[in-house]
Amino acid sequence: MPLPLPQRPDPAADAAPATPPPAVPARPGWLRRHERWAWGLGVLALVTAAGWPAWTAKVKAPLTIEQIDSLMRQSIAKEPLPAAAAAAYAAVIPSVVRVVGEHKAPPPESVKPGVKGGKPLKPADKAIDEDGRSVGTGVVIVDKGLILTNLHVVAGADRITVNFFDGSESEAVVVNLQPENDLAVLRAKTIPDDLHAATLRSTGGLSPGDEVIAIGFPFGIGPSASQGVISGLKREFRSPEGHRSLTNLIQFDAAANPGNSGGPLVTMDGHVVGIVTAIMNPNAQRTFIGIGFAVPIENAAAAVGMPPF
């Protein structure tokens, strides 16, 4: 008879019984649902509070053209905009000088004022008074004392003086001539410490209708400014005696009279684009009738030896 096999002791049976974990009472279902609702309502309240100013602000309708126009008119009425011509004048006037040519001997007949032979064009200047003086205008283009003016302002003068913006006076000498453009370059012997040179601008972008001002000493009064527009380009000038002809001139309608010759023709941004040189004058009154001519600044700069624009 077979013997029974020995039985292995069961370790699990010998181990001490495990202590069951403490029971956690289950939350009622309604509490879990109410907690979710409470959290949701809290988040909603925070979002609402953060965006409340924007939501409650009244949305304004865009302004109409009439409203914008009315507001602009009210603003301009309270604080008028400065005139463009006034700003241009202020930018250039420190560079404008009064030029006086003194003639000891009576001027030759060919340069006496007046219209001869019924010619419609005459220089804007060359009015020599009883004291033998011719008064014109110049503009400083190099702060070392180089001044542009018209040749007919200083032609034949025994002595030339210039009066600067600050009231100081200096004798000047001619250092270069450009007869084909009626230009002369002067150098003042004494210059102010704070002498300003004008800013020059190419005439390449000019068009008829562009606003300009002419600055000078008409009839010796000034400095004076007159405003107008460019009325034409590439015009031609012929002297009353027919001795000289100028081409490629700027035609303008800003008032110019004897004494304006050599003065700057200035754009509204305060840049010099020409040198006033002649007016149309079909009678002996020597007054402006609406058409003036200026030498383009490119020609004027070449007279000084400055590089072209």
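Residues numbered from 1 in each chain as written. Predicted model: local features only at pLDDT ≥ 70, side-chain atom pairs only at ≥ 80, totals over all residues. Heavy atoms only, no water.

A few points about the pattern of salt bridges
And then number 1: Under the definition given, this model contains 5 salt bridges.
And then number 2: Ionic pairing is found between glutamate 102 and arginine 159, a salt bridge with its closest N-O pair at 3.2 Å. Of the two residues, glutamate 102 is situated in strand E1 (residues 96-102) and arginine 159 in strand E5 (residues 159-163); the sequence distance between them amounts to 57 residues.
And then number 3: The salt bridge partner of glutamate 171 is arginine 159, with a shortest N-O separation of 3.9 Å. Here the residue glutamate 171 occupies a position in strand E6 (residues 169-178), and arginine 159 occupies one in strand E5, the gap between them amounting to 12 residues.
And then number 4: By sharing partners, the salt bridges in this structure join Glu102, Arg159, Glu171 and Lys189 into a single network. (Salt bridge = Lys/Arg side-chain N within 4 Å of Asp/Glu carboxyl O. Helix = DSSP H or I, 4+ residues; strand = E, 2+ residues; numbered from the N terminus.)

As for the pairing of E5
And then number 1: Across the 5 residues of E5, 4 count as buried, placing the element largely inside the fold.
And then number 2: Pairing between E1 and E5: 5 bridges, direction antiparallel. In the strand pairing of E5, glutamate 102 is matched with arginine 159.
And then number 3: Looking at chain direction, E5 and E6 are connected through 4 bridges and run antiparallel. What sits directly across from threonine 161, in E6, is glutamate 171.
And then number 4: Hairpin geometry of E5 and E6 is characterised by an intervening segment of 5 residues between the two adjacent antiparallel strands and by a positive phi of about 95° at glycine 167. (Buried < 20%, exposed > 50% of the residue type's maximum accessible area, 1.4 Å probe, protein only. Pairing = 2+ DSSP bridges.)

Some details on a nonpolar patch on the surface
And then number 1: Together, Leu63, Ile65, Ile68, Leu71 and Met72 make up an exposed nonpolar region whose accessible area comes to about 510 Å².
And then number 2: Within the secondary structure, isoleucine 68 sits in helix H4 (residues 65-78).
And then number 3: Given a relative accessible area of 37%, isoleucine 68 falls into the partly exposed group. (Patch = residues over 30% accessible without salt bridge, like charges linked within 9 Å, V, L, I, M, F, W, Y side chains within 5 Å. Areas by Shrake-Rupley, 256 points an atom, 1.4 Å probe, with all protein chains shown as cover.)

That's the geometry; what it means functionally is another story.
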